[in-house]
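Report on the structure
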Amino acid sequence: MLTPSTAKHFINDPTKLVLTALRSITLTNPAVALDAENKVIYLRPSSNSEHQVSIISGGGSGHEPSFAAFVGPGLLSGAVAGTIFASPSAEQIRRCILEKVDAQKGVLVVVMNYTGDVLNFGMAVEKAKASGLNVEMVVVGDDAGVGRKQGGKVGRRGIAGTVLVQKISGALAATGASLKEVHGVAQLTASNVVSIGASLSHVHVPGRSITEADDEELNQDEVEIGMGIHNEPGSEKMKDDLPGMVKKMLAYMLDPEDKDRAFLQINKSHETVLLVNNLGGVSPLELGGITCEVVEQLEKDWGVKPARVLSGTFMTSLNGLGFSISILKIMDTGLGSGKSMLELLDAPAEASGWAAAVPTKTWQNKSTATREKARGDNGAAKASNLTMDPTLVKSALTTALNRLIAAEPAITNYDTIVGDGDCGIGLARGAQAVLTLLDHASKPPADAAVFLDKVVGVVENSMDGTSGALYAIFLNALARGLRSQSSEQPTPATAAV
């Protein structure tokens, strides 16, 4: 549900926002230039580079880093931007094709399947052909959120799977391949990729007023499966946790029994690429958890082990609180060594928006080596000969630790007022960890210092932040103090000690 906080922006003028965002790309990549009048980012001409097929793409703004930040050697040659969520005009695109890219070996246009984009890019391509240029176009429609019945003659929408088409065709063009080869591989890639998105809310476009939530808005506990990257309605709304959500998304993409959506047949014998894409508002921390869940379910439920896993921000919906999953089935390009889909995907690209930097060699090696804890003497605890009653210690600590856990909300509230709000949570986490230690041990060690060493190990591993460090220092010092009072004969650890 849109709230005033989710609709706050640093730049509220949409025209200024788009132009300054485009200008920023030239600041982060000196290989590209901006035609501000036509909102085109393009590769600067270089006397050292050989002619190659130029790859052009584009669409409405708001999907950054797609598409302008993908302009660079090894990826796109030019990108044309519209206003937010609106296609660029045919004239903008025509000028990009005719004036801003090297057209000597031909031009390939890659466009997502939206009516405005297909019409405007299509018109520009036809005008360029009429001018005598060799131009081809590939339309990407990879969204499994739109079934055959809903899509009709228009077909599926284009979403994040498009970036795989762009990367593979851009890398192939950089090898000097012909337009026929580049066009063929781009079409092959587009025909073998399937995607679906999910979002917790609709996004707010800068410059637009905030309207009251209507029936289309999501409730606090709802997620929309198949929502488009321009706030288009999805396939269904559901109330579920992440595992349930991912299960539903993968079924939309891979279930061969779903005749309305079985666009791609993938099984455990196929090599695949997985792309988990941030729609703009998901933290990298949470995206990592999402990626892990997707990979685990792919292997467990579908027997699919991706040969490549890409996770990051590739195509957004402004600050969309959602993510998308794309799966590419690897096909034989027929072009020989160095030009397979995986090798082209792994090839370097000097584009500021491309975040997948792991080379083919590293993927192929797939090293399983790790650094394990060294065996042998690990600083085994030295007894203090100060003894205690293990049963009494366990009972007293269990009571105290449970009271501490119960007090967590109040402690957190106080720390929120005077600090950063993590003290109560940290204490409760540490208390729970010590309780687990007590539950798993038949009884605590009878030696006071040895027992404290075990507690210290738990505290150091379970409590982070300032409070964790302070308690660990205190308990280490206490254990050291006990050992300083050790005797040759066992002695009860009394209050006097």
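What comes next concerns the included structure. Small disclaimer: the values here were computed from a predicted structure and weren't measured. (Residues numbered from 1 in each chain as written. Predicted model: local features only at pLDDT ≥ 70, side-chain atom pairs only at ≥ 80, totals over all residues. Heavy atoms only, no water.)

Observations concerning the sheet that holds strand β9 (residues 236-238)
Across the sheet, 6 strands lie side by side as β9-β8-β7-β12-β10-β11; this open sheet has mixed pairing. Edge positions in the sheet fall to β9 and β11 (308-312), since each of these pairs with one other strand and no more. Neighbour to neighbour, the strand axes of the sheet diverge by 15 degrees on average, direction disregarded. Bridging between strand β7 (residues 193-199) and strand β12 (residues 322-329) involves 7 bridges; their strand directions are antiparallel. Directly across from Ala198, in β12, lies its bridge partner Phe323. Against the sheet, helix α7 (residues 242-254) contacts β7, β8 (223-225), β9 and β12, and its axis sits at roughly 40 degrees relative to β12. (Pairing = 2+ DSSP bridges. Helix = DSSP H or I, 4+ residues; strand = E, 2+ residues; numbered from the N terminus. Axes fitted to C-alpha atoms, helices over the stretch in contact; angles between N-to-C directions. Contact = heavy atoms within 4.5 Å.)

Brief notes about the side chain of Ser169
Relative to the elements of secondary structure, Ser169 occurs in helix α5 (residues 161-174). Only 3.2 Å separates the side chain of Ser169 from the backbone oxygen of Gln166, close enough to count as a polar contact. Not counting residues up to four positions away in its chain, the partners in contact with Ser169 are Ile55, Leu108, Val110, Val182 and Ala186. (Polar contact = N/O pair within 3.5 Å; in protein donor to acceptor, adjacent residues only side chain to side chain.)

Re the packing of aromatic side chains
In this structure the tally under the stated criterion is 2 aromatic pairs. Taken together, a centroid distance of 6.1 Å and an interplanar angle of 70 degrees make the contact between Phe70 and Trp354 edge-to-face. Taken together, the residues Phe70 in the loop between β3 (54-61) and β4 (78-84) and Trp354 in the loop between α9 (341-346) and α10 (360-365) connect sequence positions 284 residues apart. Its relative accessible area of 0% is what places Phe70 among the buried residues. Trp354 sits in the buried class, given a relative accessible area of 10%. When the ring of Phe314 is compared with that of Trp354, the centres are 5.3 Å apart and the planes differ by 65 degrees; the resulting orientation is edge-to-face. With a gap of 40 residues between them, Phe314 in the loop between β11 and β12 and Trp354 in the loop between α9 and α10 connect regions that are remote in the sequence. Accessibility assignment for this pair places Phe314 and Trp354 in one class, buried. Through a chain of ring-to-ring contacts, the aromatic side chains of Phe70, Phe314 and Trp354 assemble into a single cluster. The ring of Phe263 is capped by Arg156, whose NZ or CZ atom sits 3.8 Å from the centre of that ring. (Phe/Tyr/Trp six-rings, centres within 6.5 Å; stacked < 30°, edge-to-face > 60°. Buried < 20%, exposed > 50% of the residue type's maximum accessible area, 1.4 Å probe, protein only. Lys NZ or Arg CZ within 6 Å of the ring centre and 35° of its normal.)

Regarding the nonpolar core
Formed by 59 residues in total, the largest nonpolar core has its most connected members in Ile55, Leu108, Leu164, Val182, Leu310, Leu328 and Trp354. For this core, the secondary-structure elements that each account for two or more residues are α1 (14-28), β4, β5 (107-112), β6 (135-140), α5, α6 (179-190), β10 (272-278) and α9. For Trp354, the residues in contact, after removing those within four places along its chain, are Ala69, Phe70, Leu75, Val163, Lys167, Leu310, Phe314, Leu345 and Ala349. Ranked by size, the runner-up nonpolar core spans 27 residues in total, among them Ala144, Ala198, Val246 and Ile266. (Core = buried A, V, L, I, M, F, W, Y, C linked by side-chain atoms within 4.5 Å.)

Some thoughts on the environment of Met341
Among the structural elements, Met341 can be located in helix α9. Residue Met341 is classed as buried on the basis of its relative accessible area, which comes to 1%. Sequence separation of Met341 and Met137 is 204 residues, and the distance between their C-alpha atoms is 19 Å.

Some words on the packing of α7 against helix α8 (residues 284-302)
Taken N-terminus to C-terminus, the directions of α7 and α8 make an angle of 55 degrees; their axes are 10 Å apart at the nearest point. With respect to each other, α7 and α8 are oriented oblique. Crossing of α7 against α8: the hand is right-handed. Every residue of α8 that contacts α7 at Leu242, Pro243, Val246, Lys247, Leu250, Ala251 and Leu254 is listed here: Gly289, Ile290, Glu293, Val294, Gln297, Leu298, Asp301 and Trp302. (Parallel < 35°, antiparallel > 145°, perpendicular 65-115°, else oblique. Left-handed = near helix turned anticlockwise from the far one by under 90°.)

Quick look at the environment of Val109
Position of Val109 among the secondary structure elements: in strand β5. Residue Val109 is classed as buried on the basis of its relative accessible area, which comes to 0%. Sequence separation between Val109 and Ile93 is 16 residues; the distance between their C-alpha atoms is 9.8 Å. If we ignore the near neighbours within four places in the chain, the residues touching Val109 are Ile56, Ile97, Phe121, Val125, Val135, Glu136, Met137 and Val138.

Some words on a nonpolar patch on the surface
Taken together, the side chains of Tyr414, Ile417 and Val418 define a hydrophobic patch exposed on the protein surface, amounting to about 400 Å² of accessible area. Positionally, Tyr414 belongs in helix α12 (residues 408-418). Since its relative accessible area comes to 56%, Tyr414 is described here as exposed. (Patch = residues over 30% accessible without salt bridge, like charges linked within 9 Å, V, L, I, M, F, W, Y side chains within 5 Å. Areas by Shrake-Rupley, 256 points an atom, 1.4 Å probe, with all protein chains shown as cover. Salt bridge = Lys/Arg side-chain N within 4 Å of Asp/Glu carboxyl O.)

Some thoughts on the pattern of salt bridges
Scanning the entire structure with this criterion turns up 12 salt bridges. Between Lys247 and Asp301 there is a salt bridge, with its nearest N and O atoms 3.6 Å apart. Pair noted here: Lys247 is in helix α7 and Asp301 is in helix α8, with a separation of 54 residues, a long-range link. The network of salt bridges with shared partners includes Glu91, Arg94, Arg95 and Glu99.

Some thoughts on α7
Between its first and last C-alpha atoms α7 spans 18 Å; for 13 residues at 1.5 Å apiece the expected length is 18 Å, and the two agree. Listed as buried for α7 are Gly244, Met245, Val246, Met249, Leu250, Tyr252, Met253 and Leu254. Tucked into the core, α7 has its buried residues touching β7, β8, β9, α8 and β12. (Expected span 1.5 Å × (residues − 1).)

Brief notes about the packing of helix α11 (residues 390-406) against α12
Where α11 contacts α12, the two axes come as close as 5 Å, and the packing angle between them is 50 degrees. Comparing their axes, α12 and α11 come out oblique. Along its contact with α11, which presents Leu404, Ile405 and Ala406, the element α12 presents Glu408, Pro409 and Ile411. Here the contact of α11 with α12 is composed, by residue class, of 5 nonpolar, no polar and 1 charged. (Nonpolar A, V, L, I, M, F, W, Y, C, P; charged D, E, K, R; others polar.)

Notes on the sheet that holds strand β2 (residues 40-43)
Spatial strand order, β1-β2-β4-β3-β5-β6: 6 strands in an open sheet with mixed pairing. Here the strands that pair on one side only, and so sit at the sheet edges, are β1 (32-35) and β6. When the angles between neighbouring strand axes are averaged without regard to direction, this sheet yields 20 degrees. Judged from the 5 bridges that link them, β3 and β4 form a sheet pairing that is parallel. Bridge pairing links Ser61 to Ile84 in β4. Sitting on the sheet, α1 is in contact with β1, β2, β3 and β4, with an inclination near 155 degrees to β1.

None of this, on its own, says anything about what the molecule does.
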